[in-house]
Amino acid sequence: MGAAKASNSKDTYLATAVTFIVIGALYLIDKLIHFSTIGLPWVMNKDNMLLYASICFLIFKRDKSIGVVLLGLWLVMNISLVISLLGSLSGYLLPLTLLIVGIILFWFARR
């Protein structure tokens, strides 16, 4: 168990380090270029920092639970954006997706 825990900590440190590097680089680039002046103001939106962290944790950590939780939080915080991107499909697609995800999570929890 000790080796698995050490590996898990190393994964966490790696994912956290990459997250800090990505966010730090974005802030530095924003100070130099200003994303808003080139038509990309959403890049530095504070809500999207959570999205960047979730992507880093999903890529660099073996246990995907933290990345999934962060991504879920981002989706909940930006549900209006998700619904607007889905357009007219959101009436059917969003409830079906929630049902499918809920069933999958229930199945994993019961295993």
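Note that this is a predicted model, so its numbers are computed, not measured.

A.B. asks: Residue-level account of the environment of Met44, with values.
C.D. replies: Of note, Met44 is situated in the loop between α1 (2-33) and α2 (46-60). Overall, Met44 belongs to the buried group, its relative accessible area being 14%. Once residues within four sequence positions are removed from consideration, Met44 is found in contact with Leu26, Tyr27, Asp30, Phe35 and Met49.

A.B. asks: Please provide a residue-by-residue account of α2, values included.
C.D. replies: With 15 residues, α2 extends 22 Å from end C-alpha to end C-alpha; this agrees with the ideal 21 Å at 1.5 Å per step. Listing the buried residues of α2 in full gives Asn48, Met49, Leu51, Tyr52, Ala53, Ser54, Cys56 and Phe57.

A.B. asks: Summarise the packing of α2 against helix α3 (residues 65-77); cite the residues concerned and give the values.
C.D. replies: Orientation of α2 relative to α3, taken along the N-to-C sense of each, is 155°, at an axis distance of 8 Å. With respect to α3, the axis of α2 lies roughly antiparallel. Two packed elements cross with a definite hand, and for α2 against α3 that hand is left-handed. Side by side, α2 and α3 meet where Asp47, Asn48, Leu50, Leu51, Ala53, Ser54, Phe57 and Leu58 of the first sit next to Ile66, Gly67, Val68, Leu70, Leu71, Leu73, Trp74 and Met77 of the second. Here the residues of the contact of α2 with α3 sort into 12 nonpolar, 3 polar and 1 charged.

A.B. asks: How would you sum up the UniProt feature "transmembrane region" (unreviewed entry) in the chain? Please name residues and give values.
C.D. replies: As recorded in UniProt, the feature "transmembrane region" (unreviewed entry) lies at residues 12-29, 41-60, 67-86 and 92-109. For residues 12-29, the end-to-end C-alpha separation is 26 Å, with 100% helix and 0% strand making up the annotated structure. Taken end to end, residues 92-109 comprises 100% helix and 0% strand; its first and last C-alpha atoms sit 26 Å apart.

A.B. asks: I'd like a description of the nonpolar core, backed by residues and values.
C.D. replies: Counting residues in hydrophobic clusters, the biggest one holds 7 residues: Ile23, Leu26, Phe35, Val43, Met44, Met49 and Tyr52. Only α1 and α2 provide two or more residues apiece to this core. Ignoring any residue separated from it by four or fewer positions in sequence, one finds Tyr52 in contact with Leu26, Trp42 and Val43.

A.B. asks: For α3, give the residues involved together with the corresponding values.
C.D. replies: For α3, spanning 13 residues, the distance from its first C-alpha to its last is 18 Å, which sits close to the expected 18 Å at 1.5 Å a residue. Buried within α3 are the following residues: Gly67, Leu70 and Trp74. Along the axis of α3, the buried positions cluster into a sector of 65°, meaning they face one direction only. More than 90 degrees from the buried face of α3, the exposed residues found are Val69 and Val76.

Reading the values: the criteria
- Residues numbered from 1 in each chain as written.
- Predicted model: local features only at pLDDT ≥ 70, side-chain atom pairs only at ≥ 80, totals over all residues.
- Heavy atoms only, no water.
- Helix = DSSP H or I, 4+ residues; strand = E, 2+ residues; numbered from the N terminus.
- Buried < 20%, exposed > 50% of the residue type's maximum accessible area, 1.4 Å probe, protein only.
- Contact = heavy atoms within 4.5 Å.
- Expected span 1.5 Å × (residues − 1).
- Axes fitted to C-alpha atoms, helices over the stretch in contact; angles between N-to-C directions.
- Parallel < 35°, antiparallel > 145°, perpendicular 65-115°, else oblique.
- Left-handed = near helix turned anticlockwise from the far one by under 90°.
- Nonpolar A, V, L, I, M, F, W, Y, C, P; charged D, E, K, R; others polar.
- UniProt positions renumbered as here; feature names shortened; annotations may be inferred.
- Core = buried A, V, L, I, M, F, W, Y, C linked by side-chain atoms within 4.5 Å.
- Arc of directions from axis to C-beta.

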